[in-house]
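Structural overview
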Amino acid sequence: MIKGSIILKKNKEDFIKSFHSWIFSGAIEKIDSSEELKNGDIVRVYNYNKELLGYAFYEKPEQIVARIFYFGNKEIHNINQYFLNYFEQLFKRKSSLFFDSNAFRFIHSESDRIPGIICDIYNQCAIIQIDYLKSELLLNLLIKFLNTKNINYILLKTQKEIQWLTSNRLKEIEFKENHLNFLIHIDKFQKTGYFLDQKINRKKIIEYSKNKIVLDAFCYIGGFGIHALKGEAKKVVFVDSQNLETQIKNNIIINKFLESSFEIKNIDVFQFFNNMNPNIYDVMIIDPPAFVKTKAKINEGIKGYIKLNRLAIKNIKQEGHIFTFSCSQFIDKELFRKIIFIAAKEEKRNVYIKEYLTQAPDHTISVFHPEGEYLKGFILYVE
Ligand SMILES: C[S@@+](CC[C@H](N)C(=O)[O-])C[C@H]1O[C@@H](n2cnc3c(N)ncnc32)[C@H](O)[C@@H]1O
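Throughout this document, residue positions are counted from 1 along each chain, in the order its sequence is written. pLDDT decides what is reported in this predicted model: residues at 70 or higher carry local features, side-chain atom pairs at 80 or more are listed and counted, and totals for whole chains, interfaces and linings draw on all residues regardless.

1. A closer look at the overall build of the chain
By the criteria applied, helices consist of DSSP H or I runs no shorter than four residues and strands consist of E runs no shorter than two, each listed in order from the N terminus. Looking only at helices and strands, the chain has 9 helices and 20 strands in total. Its C-alpha radius of gyration of 23 Å places the chain within 12% of the 21 Å reference for a compact globule of 383 residues. Dimensions of the chain along its principal axes, counting C-alpha atoms only, are 70 × 50 × 30 Å. Residue burial is a threshold on neighbouring C-beta atoms within 10 Å of the residue's own C-beta, all placed from the backbone, with 20 or more meaning buried, 12 or fewer meaning exposed, and counts in between meaning partly exposed. The buried share of the chain, taken over its 383 residues, is 42%. Relative to all contacts within the chain whose residues are 6 or more apart in sequence, the contacts with residues 24 or more apart total 61%. In this treatment the radius of gyration is a C-alpha quantity, and the globule benchmark scales as 2.2 Å times the residue count to the 0.38 power. Two residues qualify as a contact pair if the distance between their C-beta atoms, derived from the backbone, is within 7 Å.

In structure tokens:
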């Protein structure tokens, strides 16, 4: 089960003292293994003096060679039991975070010390996303564990495909968030089905919506806008470039808001803004996809965020509120604040930051893994 060991160079173990899990090729003195290591194999990690420092998943020979999932000098005698116990502990912690939702992120990859795996639970369905790790062992243990938790449907999403791992299948997944009901259609879904990271922020919109005209820009299946309807918004306009009209409508119907006033627009948000009359919306939600996917694209991304936030600030009514977000990992809170500063300055409007927003707590932010903190937002008050 343990396929080999990684021995670090002299004085190259400081990152382990800070519990950072990535082992870069430059830190490695030697890799010992009787067979060629494959992606997902488990290895022991030693310092130069052959003292045990932890256990890791081997990934690939270049750059990030392995990712540590356990730090410590105690031998793990039974890897299967180690993971099953760990899953139990994590599940208990995550499932008890929200009393009014039955959907939550069970595993948030490295931030939860399970590198390479994301697992979201929606009621009786689990959606597992694997980006780079190919550990059959870990996947099989996870399935075994989920079977003990009344999870009857398991869907696996990799970069190449989506496949059911259970004989039970669903066309639509139904779940509750903040006492509201939601449906996601398997053929239309993005990421792991729904953007659970915005759960707390969606709840916030309820208190800002009463008698307001609300724009839910980049709405996906309508999460924010439907929360605004719960908050008794006068009207909600949903905008997304993907055609999700049926999904949004179904979600409005199952929450019994069909009598409310709403419009669904299948259009590019920039185009929508360019053709809109100003001073209509009291509240805007601006939740775009990540504009910066790699560090090299950072300047282009910054320009995109400035343009978008300028349009929102320009067009919001006086004394309006903008919920604005960036989920780009390479844009930190300070940089996002500067982006808002530039947008407000260019539009010559007085803008206050009323509240700071972040990802829901099931999307663990580990102090040792800052890369896992990616979602940032502000509630802006525009005078
Ligand atoms: C981060 S998701 C939004 C999640 C959503 N706010 C929620 O709470 O579930 C981004 C959404 O923007 C949409 N999108 C991407 N580019 C767009 C564009 N230029 N104009 C309109 N929608 C766009 C995607 O289809 C996706 O649904």
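Picking up after the structure, the text goes on.
2. A short note on the domain arrangement of the chain
Looking at the chain, the domain boundaries give domain 1 (2–71), domain 2 (79–170) and domain 3 (180–382). The centre of domain 2, based on its C-alpha atoms, is set 27 Å off from the matching centre of domain 3. Elements supplying a minimum of two residues to the side of domain 2 that touches domain 3: strand S7 (103–108), strand S8 (117–122) and strand S9 (125–130). Of all the elements, S7 adds the most residues to the side of domain 2 that touches domain 3, at 4 residues. Throughout this entry, Asp, Glu, Lys and Arg are counted as charged residues, while Ala, Val, Leu, Ile, Met, Phe, Trp, Tyr, Cys and Pro are counted as nonpolar. The remaining residues, Gly among them, count as polar. Its residues assigned to classes, the side of domain 2 that touches domain 3 comprises 7 nonpolar, 5 polar and 6 charged. The start and end points of each domain follow an automatic or database-based domain assignment.

3. Digging into unusual backbone geometry
Phi at Lys50 takes a positive value of approximately 65 degrees, unusual for a residue other than glycine. As for its placement among the helices and strands, Lys50 is situated in the loop between strand S4 (42–46) and strand S5 (52–58). Although it is not a glycine, Ser109 adopts a positive phi angle of roughly 50 degrees. Along the chain, Ser109 falls in the loop between S7 and S8.

4. Focus on the sheet that holds S5
Strands sit in the order S2-S6-S5-S4-S1-S3 across an open sheet of 6 strands; the sheet is mixed. Looking at which strands have only one partner, the edges of the open sheet turn out to be strand S2 (22–24) and strand S3 (28–32). Averaged over all pairs of adjacent strands, the angle between their axes in this sheet comes to 35 degrees, without regard to strand direction. Pairing between strands is defined by DSSP: at least two bridges between them are needed. Two strands pair when backbone bridges link them, and S4 and S5 are joined in this way by 5 bridges, in the antiparallel orientation. From the neighbouring strand, Val45 faces S5, where its bridge partner is Gly54. Each axis is a line fitted through C-alpha atoms, and for a helix only the stretch in contact is used; angles between axes span 0 to 180 degrees, taken between their N-to-C directions.

5. Observations regarding the nonpolar core
Generally speaking, soluble globular proteins have nonpolar side chains that are buried together. Within the largest apolar cluster, 104 residues are counted, with the highest numbers of intra-cluster contacts made by Val45, Ala56, Ala126, Met284, Ile286 and Ile322. With 6 residues, helix H8 (residues 298–315) is the largest single contributor of residues to this core. If sequence neighbours within four positions are ignored, Ala126 has contacts with Cys119, Ile121, Leu146, Ile151 and Ile154. A set of buried Ala, Val, Leu, Ile, Met, Phe, Trp, Tyr and Cys residues, joined through C-beta atoms within 7 Å, is what we mean by a nonpolar core.

6. Remarks on the site of the ligand
Each residue gets a C-beta atom placed from its backbone. If that atom is within 6 Å of a molecule or strand, the residue is near it. Around the ligand lies a shell of 17 residues, among which Phe218, Tyr220, Gly223, Ser241 and Asp287 are the nearest. Breaking the shell around the ligand down by element, the ones donating at least two residues are helix H5 (223–230) and strand S15 (235–240). Counted by class, the shell around the ligand contains 9 nonpolar, 5 polar and 3 charged residues.

7. Examining the sheet that holds S7
A sheet is described by the order of its strands in space; here 5 strands give the open sequence S7-S8-S9-S10-S11, paired in mixed fashion. Among the strands making up the open sheet, the edge pair consists of S7 and strand S11 (162–164). Strand after strand, the sheet turns through a mean of 20 degrees between neighbouring axes, direction not considered.

8. Details of the environment of Leu133
Tracing the sequence through the fold places Leu133 in the loop between S9 and helix H3 (136–147). Spatially, the C-alpha atom of Leu133 lies 9.7 Å from that of Arg67, the residues being 66 residues apart in sequence. Not counting chain neighbours up to four residues away, the residues in contact with Leu133 comprise Asn39, Gly40, Phe57, Glu59, Pro115, Gly116 and Ile117.

9. Describing the packing of H8 against helix H9 (residues 333–347)
Interaxial distance between H8 and H9 falls to 8 Å at its minimum, and their mutual angle equals 50 degrees. Here H9 runs oblique to H8, going by the angle between their axes. Classified by chirality, the crossing of H9 by H8 is right-handed. Taking contact as the criterion, the partners of Ile302, Tyr305, Ile306, Asn309, Arg310, Ile313 and Lys314 in H8 are, on H9, Ile339, Ile340, Ile342, Ala343, Ala344, Glu346 and Glu347. Grouping the amino acids of the contact of H8 with H9 by side-chain chemistry returns 9 nonpolar, 1 polar and 4 charged. Put simply, angles under 35 degrees are roughly parallel, angles over 145 are roughly antiparallel, angles from 65 to 115 are roughly perpendicular, and the rest are oblique. By definition, any crossing whose near helix is turned counterclockwise from its far helix by less than a right angle is left-handed, and any crossing with a clockwise turn is right-handed.

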